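Overview (structure and organization)
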Amino acid sequence: MRILLVEDDPLVSDAIVRGLATAGYAVDAVTDAESVQVHLDAAHYDLAIVDLGLPGEDGFTLVHRLRREGSSLPLLIVTARDGLDDRINALDLGADDYLVKPFALPELAARCRALIRRATAAANEMVVGRLRIDLAGRRAINDDRRALELTRREWSILECLAHHSGRVVSKERLIQAIGSWDEEISGNAIEVHVSRLRAKLGEAATVRSIRGLGYRLDDA
Ligand code: CA
């Protein structure tokens with residue numbers, strides 16, 4: 001799952017990027033609202049985290065503009081302003097949730113999970129075939145009740161497919177889900193990760209290749 005972070009404070013930004021990477025997210029960080037559109041045009045994001053106090057266009061205006069333009073991207077506000085009016089204002093303009101700084105990174109990660117889950121109408125725990133996928137615990141359990149040993153990228157691919165279970169996910173979308181701008185991931189690399197993931201899934205569930213379109217997670 002890929003997150004766009006809009007935060008001008010480099011220390012806060014670095015901490016969030018590192019914290020969310022540990023939680024398994026690919027994060028692209030920008031420092032102003034003006035850089036947001038370029039990113040949204042170039043990649044699929046599952047969530048944006050927006051700081052309210054930004055140089056130039058502020059977070060309120062950004063949220064308002066995105067919603068006016070019809071974007072349904074989940075928006076999480078992070079703000080040092082603990083004023084009640086600011087929080088109400090941000091939510092009324094179209095933000096989905098907020099967190100007041102300073103916050104604990106595990107809480108930020110949990111809120112990201114909750115918002116993405118809500119947006120994709122996914123449950124915290126999903127069953128596909130004989131595979132149980134625990135999104136919060138970041139593990140997949142087969143019918144031997146054994147947690148599969150997946151690499152970070154294999155998990156990210158499974159997570160993205162599970163959020164769109166039964167539907168086709170393009171290779172491009174998977175590339176975007178598992179890597180930020182800093183990581184070059186090729187289509188061939190995706191094929192390698194998918195084939196290793198398939199081997200680990202065994203007969204519990206199947207990742208089907210849909211020629212020319214992408215991949216789909218199916219019951220085995
Ligand atoms: Ca700021």
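Looking now at the environment of M126. Mapped onto the elements, M126 comes out in strand 6 (residues 125-128). Note: C-alpha distance between M126 and S165 (39 residues apart in sequence) is 9.4 Å. Leaving out residues up to four positions away in the same chain, M126 has contacts with L131, R132, I133, L135, A162 and H163.

Now for the domain arrangement of the chain. Under the domain assignment, the chain is made up of domain 1 (2-123) and domain 2 (125-219). Between the C-alpha centres of domain 1 and domain 2 there is a distance of 25 Å. In total, domain 1 and domain 2 occlude about 1,400 Å² of area from one another, counting both sides; carbon and sulfur atoms represent 50% of this. Summed over the shared surface of domain 1 and domain 2, the result is 0 salt bridges. Here domain 1 is connected to domain 2 by 5 residue pairs in polar contact (both at pLDDT 80 or more). Grouping the constituent residues of the side of domain 1 that touches domain 2 by class yields 10 nonpolar, 4 polar and 5 charged.

Burial in helix 7 (residues 171-178) covers these residues: L174, I175, Q176, A177 and I178. Where helix 7 is buried, its residues meet strand 1 (2-6), strand 2 (26-30), helix 2 (36-42), helix 6 (152-163), helix 8 (187-201) and strand 10 (214-219).

Let's shift gears to the sheet that holds strand 2. The parallel open sheet is built from 5 strands, whose spatial order is 2-1-3-4-5. Taken across any chain shown, the strands that pair with only one partner, and hence form the sheet edges, are strand 2 and strand 5 (97-100). Sheet twist, expressed as the average angle between the axes of neighbouring strands with direction ignored, equals 20°. Here strand 1 runs beside strand 2; their pairing, made up of 5 bridges, is parallel.

Procedures and definitions
- Residues numbered from 1 in each chain as written.
- Predicted model: local features only at pLDDT ≥ 70, side-chain atom pairs only at ≥ 80, totals over all residues.
- Heavy atoms only, no water.
- Helix = DSSP H or I, 4+ residues; strand = E, 2+ residues; numbered from the N terminus.
- Contact = heavy atoms within 4.5 Å.
- Domains from an automatic or database assignment.
- Buried area = accessible area lost by both parts, 1.4 Å probe.
- Salt bridge = Lys/Arg side-chain N within 4 Å of Asp/Glu carboxyl O.
- Polar contact = N/O pair within 3.5 Å; in protein donor to acceptor, adjacent residues only side chain to side chain.
- Nonpolar A, V, L, I, M, F, W, Y, C, P; charged D, E, K, R; others polar.
- Buried < 20%, exposed > 50% of the residue type's maximum accessible area, 1.4 Å probe, protein only.
- Pairing = 2+ DSSP bridges.
- Axes fitted to C-alpha atoms, helices over the stretch in contact; angles between N-to-C directions.

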